[in-house]
Amino acid sequence: MRLAPLLALALLVAAALWLWDSWTVYPLKLLVVHFHESGHALATWLAGGRVDSIAVDFAQGGVTRSRVPAGLFPHVLVASGGYLGSMGFGAGILYWAGRSASGKSVLEGLAAFLVVALGLWARDGFTIFFTAAMALLFAVLARVLPPKWSRITALFLGVFSALYALWDIRDDLILRQSSRSDAGVLAAATGIPALFWAVLWLGLACLVLWLALRKSALR
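Please read these numbers as outputs of a predicted model, since none were measured by experiment.

When helices and strands are tallied, the protein chain shows 8 helices and 2 strands. Counted from the first residue to the last, the protein chain has its helices and strands arranged as α-α-β-β-α-α-α-α-α-α. Among the 219 residues that make up the protein chain, the fraction classed as buried is 46%. Counting contacts in the protein chain only where the partners sit at least 6 residues apart, residues at least 24 apart contribute 74% of the total. For the protein chain, the accessible surface area stands at approximately 10,800 Å², while carbon and sulfur atoms represent 69% of it.

See the structure below:
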């Protein structure tokens, strides 16, 4: 990665950390929770299951209601889909924005995804409102922002999503282990400690992020 893009990326990371506890980025935190639950939903489909709904709430919580086929592999796949899915979205946004002269296509892609998720999975009032509002916001930003600023916006979204995904794994699965977490569910199903799954997912998330940055044009 060349020095100038590296410095630009460092500035985006610094901006994300500086704004971390402000209400300015609160909708982005909810968006990453949405990505997490969408990851569960997509993994359920890959496992041959059925998704009834996904939900996010004002307290940055979320739940995916689905019917997963019997067997160990489907449960491992679906449980892993949340944290790896949220990192996958962040890394994908970074990769896409890094290889684009403009971020308009990224913002339009996010808007389109949220519209699809709205129709397929959103059932409760808050999730419907939030998903529709973010889809509309990204569609408007894609139309009104100049190419340079749309790219910066998309890169910031990718940076913030990736950082929040890493923070989520660390905070939920390593610092505050719970039997109700995704790792706790897998520990109960496999007999393998939850900490193992947390460390595995953290390592895979870092690998996905590194590959996205390495393969993008931010080199």
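So, next bit.
Let's shift gears to the environment of Gly81. With respect to the secondary-structure elements, Gly81 resides in helix 3 (residues 72-98). Along the chain, Gly81 and Glu37 lie 44 residues apart, while their C-alpha atoms are 8.2 Å from each other. For Gly81, the residues in contact, after removing those within four places along its chain, are His36, Gly39, His40, Ala43 and Ser86.

Turning our attention to the nonpolar core. Nonpolar side chains in soluble globular proteins tend to end up buried together. By size, the foremost hydrophobic cluster in this structure holds 56 residues, and its most contacted members are Leu28, Leu31, Phe138 and Phe160. Residue contacts for Phe160: discarding those within four places in its chain leaves Ala16, Trp20, Val25, Leu28 and Lys29.

Take the packing of aromatic side chains next. One pass over the structure, following the stated rule, counts 17 aromatic pairs. When the ring of Tyr164 is compared with that of Trp167, the centres are 5.3 Å apart and the planes differ by 40°; the resulting orientation is tilted. Here Tyr164 and its partner Trp167 are both found in helix 6 (residues 147-175), 3 residues apart, which amounts to about one turn of the helix. Residue classification places Tyr164 among the buried positions, given a relative accessible area of 3%. One aromatic cluster is present, formed by Trp20, Phe156, Phe160, Tyr164 and Trp167 through successive ring pairs.

What follows covers the layout of surface pockets. Of the voids in this model, the second largest pocket is the one considered here, and its volume is about 220 Å³. As for the second largest pocket, its lining consists of Leu19, Thr24, Val25, Pro27, Leu28, Met134, Leu137, Phe138, Leu141, Thr153, Phe156 and Leu157. Where the lining of the second largest pocket is concerned, the elements lending two or more residues are helix 2 (26-46), helix 5 (125-144) and helix 6. Examining the composition of the lining of the second largest pocket, we find that 4 residues originate from one element, helix 5, more than from any other. Tallied by class, residues from the lining of the second largest pocket come to 10 nonpolar, 2 polar and no charged.

Before going further, it helps to examine the side chain of His36. Position of His36 among the secondary structure elements: in helix 2. There is a polar contact of 3.5 Å between the side chain of His36 and the backbone oxygen of Gly82. The residues touching His36, leaving out its near neighbours within four places in the chain, are Gly81, Gly82, Tyr83, Ser86, Asp168 and Asp182.

Using the criterion set out here, one finds 2 salt bridges in the structure. Two residues, Asp52 and Arg50, come together in a salt bridge whose shortest N-O distance is 4.0 Å. Under the relative-accessibility criterion, Asp52 is labelled partly exposed at 27%. Between Asp52 and Arg67 there is a salt bridge, with its nearest N and O atoms 3.1 Å apart. Here Arg67 lies in strand 2 (residues 62-67) and Asp52 lies in strand 1 (residues 50-56), a separation of 15 residues in the sequence. Note on Arg67: relative accessible area 46%, which makes it partly exposed. In this structure, a network of salt bridges that share partners links the residues Arg50, Asp52 and Arg67.

Criteria and cut-off values
- Residues numbered from 1 in each chain as written.
- Predicted model: local features only at pLDDT ≥ 70, side-chain atom pairs only at ≥ 80, totals over all residues.
- Heavy atoms only, no water.
- Helix = DSSP H or I, 4+ residues; strand = E, 2+ residues; numbered from the N terminus.
- Buried < 20%, exposed > 50% of the residue type's maximum accessible area, 1.4 Å probe, protein only.
- Contact = heavy atoms within 4.5 Å.
- Areas by Shrake-Rupley, 256 points an atom, 1.4 Å probe, with all protein chains shown as cover.
- Core = buried A, V, L, I, M, F, W, Y, C linked by side-chain atoms within 4.5 Å.
- Phe/Tyr/Trp six-rings, centres within 6.5 Å; stacked < 30°, edge-to-face > 60°.
- 1 Å grid on protein atoms, 1.4 Å probe; cavity = no way out; pocket = protein on both sides within 12 Å on 5 of 7 lines; lining within 4 Å.
- Points joined across faces, edges and corners; volume = space filled by probe spheres on them.
- Nonpolar A, V, L, I, M, F, W, Y, C, P; charged D, E, K, R; others polar.
- Polar contact = N/O pair within 3.5 Å; in protein donor to acceptor, adjacent residues only side chain to side chain.
- Salt bridge = Lys/Arg side-chain N within 4 Å of Asp/Glu carboxyl O.

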